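Architecture and fold: a report
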Amino acid sequence: MDLEARSLQPNVKAVLLAKLREYKSDLNILKSEHKRLASANSNQAARDDLLESGMADAMSVSANQRGRLMMSTERLNESSDRIKESRRTMLETEELGVSILQDLHQQRQSLLHANDTKEQLHGVDDNISKSKKILTNMSRRMSRNKWIISSIIVVLVVAIALILYFKLSK
């Protein structure tokens, strides 16, 4: 995750790296708490063994001490369960983060591809504009040539009419 976050743009990278540091510190805190509770649990079991074997008289252990011991054990078990739940949540969050980063990478690739396509379309647009200018010029030349040919035909018809008029009138 750290490498993926570092390869992103600076504004997104800063946010993701801060979150990553936060998650890492939370993980370290949870690990140390788990170690502390695990060692306390093993110490408690050893203490219980010593108390039971060292006591010659089983009646000397009061009900109050047993109750506190049971409560402590119960609290320790609840803490262990909370740590396990926190670890599970952390793993789910990490998986979600990886999934989001993959989606963002795919979206980035799509945007880069769209940008390339946009540049290609600008080139096509330029070519269409040039073609339109060429066709417009060809159309103007064709109209001009029609007028010139029509004018020549009119001049020839008038010339033939004048020649016939002079030939027939003599």
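Attention here is on the structure that accompanies the text. (Residues numbered from 1 in each chain as written. Predicted model: local features only at pLDDT ≥ 70, side-chain atom pairs only at ≥ 80, totals over all residues. Heavy atoms only, no water.)

**Quick word on the overall build of the protein**
Counting its regular elements, the protein contains 3 helices and 0 strands. Reading the protein from its N end, one meets helices and strands in the order α-α-α. Within the span of the protein, comprising 170 residues, buried residues form 6% of the whole. Of all intrachain contacts in the protein linking residues separated by at least 6 positions in sequence, the fraction that spans at least 24 positions is 60%. Per element, the accessible surface of the protein, about 14,700 Å² overall, is 60% carbon and sulfur. (Helix = DSSP H or I, 4+ residues; strand = E, 2+ residues; numbered from the N terminus. Buried < 20%, exposed > 50% of the residue type's maximum accessible area, 1.4 Å probe, protein only. Contact = heavy atoms within 4.5 Å. Areas by Shrake-Rupley, 256 points an atom, 1.4 Å probe, with all protein chains shown as cover.)

**Remarks on the pattern of salt bridges**
In this structure the tally under the stated criterion is 2 salt bridges. The partner of R88 in a salt bridge is E92, with the nearest N and O atoms 2.3 Å apart. Pair noted here: R88 and E92 are both in helix α3 (residues 63–169), with a separation of 4 residues, about one helical turn. A single network of salt bridges, built from pairs that share partners, joins E85, R88 and E92. (Salt bridge = Lys/Arg side-chain N within 4 Å of Asp/Glu carboxyl O.)

**Side note on a nonpolar patch on the surface**
Side chains of V154, V158, L162, Y165 and F166 sit close together on the surface and give an oily, nonpolar patch of about 520 Å² of accessible area. Relative to the assigned elements, L162 resides in helix α3. L162 gets classed as partly exposed once you look at its relative accessible area, which sits at 44%. (Patch = residues over 30% accessible without salt bridge, like charges linked within 9 Å, V, L, I, M, F, W, Y side chains within 5 Å.)

**Some details on α3**
For an α-helix, the turn length of 3.6 residues means that residues three or four places apart are oriented alike. With 107 residues, α3 should reach 159 Å at 1.5 Å per residue; the first-to-last C-alpha distance of 155 Å fits that figure. Listing the buried residues of α3 in full gives L76, S79, I83 and L101. (Expected span 1.5 Å × (residues − 1).)

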